[in-house]
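# Chains, contacts and geometry: an overview
What follows is the residue order along each chain.
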Amino acid sequence: MDTMDETATGLDRRRFLALAGTAALLPAAGFSLQAAAVPNSKRRMLQVNGYATDAETPVDALTTYITPNDLFFVRHHWNPTYQNVWRWNLTVDGEVERPVRLTLADLKKMPRASVTCVLQCAGNGRGLYKPVVPGVQWKYGAVGNARWTGVRVKDLLDRAGVKASAGHLHTSGADKPPGKVPPFNRSIEIGKALEDGLVAYEMNGEPLAPLHGAPARLVIPGWAGDHWMKWLTNLSAQPEPQKGFYMETAYKYPKEPGAPGVTFKPDEMRPVTELFVKSNITEAPSRARVGEAATIRGFAFSGAPDIAKVEVSDDGGQTWRPAALDPQHDPYAWRLWSFRYTPAAAGRVTLLARATDIRGSEQPKEAVWNQSGYLYNGWHSADIEVTA
Ligand SMILES: Nc1nc2c(c(=O)[nH]1)N[C@H]1C(S)=C(S)[C@@H](COP(=O)(O)O)O[C@H]1N2
Ligand SMILES: [Mo]
């Protein structure tokens, strides 16, 4: 059985300290740590509370096309049961001709496929909504762009012989919630799963890390993170959507905007699927000089496969000027952008960035308030103190 100890050894110590924010507690220079006495094999910490790791990337570190694995945000609902890869299986069953059970070695013998795309938590930006919404107070960094490699969901379903009666793909992970807490049961429309869904066992060229769902997880390009099942153990083709709290209550977004702070009723909501068009500023100087160009950078993405433009305003959104889009791109990946800004006058200036995707959706000034705090995509700003 996987024990708590195995769970904790799955955490790299440096990573653990960074996540736990304890690095600041290390004694100052001059104090003898005696660290050399502890062998590397024992250098780890054991997480003993029942809460999940929720950690976002500081937005000023999201400056590269590929987000490095050790900086990639982590989100799950409770402590996972990390999978022993030697005993791990992925089963594909339900409305199929031939149910299949695959080991990791079996998966790796199937045709390899890769996609580079954004993973964003549906709750990224929840902490920016006013009035305040309960839940993990994500700001800007529950998002990253990575290259995912594994097996196409389509190849797996073809191998099992999926029947026409299958409308939804139920997905299960190995994590089991404590007590009466509802399990993280999820399903997706089979059409989307077949179109570009991937069962990934590599992230940015490395074996998928325990915190990101090792040995394999789902990748659903363009759709919010709640569809990206980690520690994946079962894909089941079914006629109907999955039931339960995480399908029927959670991950619902208003069909029409309402007034901030006013709770939407269940029939006024629809499921969260595609991401919304969004840009964030990752680099901007806090000070600049009149007449001297400064560089502003950021990233932009959408639930559409590409961004059409990113614009910057220094007058509260009355006029906009185009930013330069980086040529590097893959469908549903983000675009890095940059903007040369030359201040015309001294004083405090607020720069705003907004993105428009290739379907014509434009990032709104204000995100639509909703009681779960999903899909925040209001304009991001940076303040610059301009001196003569
Ligand atoms: N099994 C399992 N998979 C899961 C979750 C979970 O709680 N359990 N959380 C989901 C949510 S809400 C998000 S945003 C992504 C986060 O993936 P990451 O930790 O690799 O960034 O995993 C998803 N997959
Ligand atoms: Mo999420």
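Since we're looking at a predicted model, the values are computed, not measured.

### What about the packing of aromatic side chains?
By the definition in use, this model includes 17 aromatic pairs. The interplanar angle of 80 degrees and the centroid separation of 6.1 Å between the aromatic rings of Phe73 and Trp138 together place this pair among those described as edge-to-face. Here Trp138 lies in the loop between strand S3 (113-120) and strand S4 (143-152) and Phe73 lies in the loop between helix H2 (13-20) and strand S1 (90-94), a separation of 65 residues in the sequence. Look at Phe73 and you get buried, because its relative accessible area is 6%. A ring pair is formed by Phe299 and Phe301, whose centres lie 6.3 Å apart and whose planes are at 20 degrees; its orientation type is stacked. Exposure class is identical for Phe299 and Phe301. Each is buried. Grouped by ring-pair contacts, the aromatic residues Trp78, Phe184, Phe245, Tyr246, Tyr251 and Tyr374 constitute a single cluster. Geometry around Tyr332 places Lys192 over its ring, the cationic atom sitting 5.1 Å from the centre.

### Considering helix H4 (residues 153-160)
Three or more residues of H4 are buried, namely Val153, Leu156, Leu157 and Ala160. In a view along the axis of H4, the buried residues occupy a sector of 95 degrees, so they form one face of it.

### Focus: the site of ligand 1
The environment of ligand 1 is made up of 20 residues, and the closest members are Phe73, His77, Asp175, His212 and Lys230. His77 places a side-chain nitrogen or oxygen 2.7 Å from an oxygen atom of ligand 1. Here Lys230 contributes a side-chain N or O atom positioned 2.4 Å from an oxygen atom of ligand 1. Contact with the protein chains hides 100% of the accessible area of ligand 1, taken as 540 Å² for the molecule alone.

### Re the nonpolar core
Leu107, Trp148, Leu156, Val199 and Trp334 are the most contacted members of the largest nonpolar core, which totals 68 residues. By residue number, the principal contributor to this core is strand S7 (residues 198-203), which donates 5 residues. Here this core gathers at least three residues from each of two domains, domain 1 (13-250) and domain 2 (278-387).

### A look at the domain arrangement of the chain
Assigned domains within the chain: domain 1 (13-250) and domain 2 (278-387). Each partner contributes residues to the interface: domain 1 has 31 residues there, and domain 2 has 27 residues. Inspection of the domain 1/domain 2 interface yields 0 salt bridges. Taken together, the connections running from domain 1 to domain 2 amount to 11 residue pairs in polar contact (both at pLDDT 80 or more). Residue composition of the side of domain 1 that touches domain 2, by class: 15 nonpolar, 11 polar and 5 charged.

### A look at the sheet that holds S1
Read from one edge of the open sheet, 5 strands run S2-S1-S10-S5-S6, paired in mixed fashion. Strands with a single pairing partner mark the edges of an open sheet, and in this sheet they are strand S2 (100-102) and strand S6 (186-189). Here the average twist between neighbouring strands, direction ignored, is 20 degrees. Sheet topology note: the S1/strand S10 (residues 232-238) ladder contains 4 bridges and is parallel. Note that in S10 the partner of Thr91 across the bridge is Asn234.

### What to know about the state of the cysteines
On inspection of all chains with the given rule, the structure shows 0 disulfides. Between Cys117, a free cysteine, and Cys121, which holds the nearest cysteine sulfur, the sulfur-to-sulfur gap is 15 Å. Residue class for Cys117 comes out buried when judged on its relative accessible area of 0%.

Quick notes on the rules
Residues numbered from 1 in each chain as written. Chains lettered and ligands numbered in written order. Predicted model: local features only at pLDDT ≥ 70, side-chain atom pairs only at ≥ 80, totals over all residues. Heavy atoms only, no water. Phe/Tyr/Trp six-rings, centres within 6.5 Å; stacked < 30°, edge-to-face > 60°. Helix = DSSP H or I, 4+ residues; strand = E, 2+ residues; numbered from the N terminus. Buried < 20%, exposed > 50% of the residue type's maximum accessible area, 1.4 Å probe, protein only. Lys NZ or Arg CZ within 6 Å of the ring centre and 35° of its normal. Arc of directions from axis to C-beta. Near = heavy atom within 4 Å. Polar contact = N/O pair within 3.5 Å; in protein donor to acceptor, adjacent residues only side chain to side chain. Areas by Shrake-Rupley, 256 points an atom, 1.4 Å probe, with all protein chains shown as cover. Core = buried A, V, L, I, M, F, W, Y, C linked by side-chain atoms within 4.5 Å. Domains from an automatic or database assignment. Contact = heavy atoms within 4.5 Å. Salt bridge = Lys/Arg side-chain N within 4 Å of Asp/Glu carboxyl O. Nonpolar A, V, L, I, M, F, W, Y, C, P; charged D, E, K, R; others polar. Pairing = 2+ DSSP bridges. Axes fitted to C-alpha atoms, helices over the stretch in contact; angles between N-to-C directions. Disulfide = S-S within 2.5 Å.

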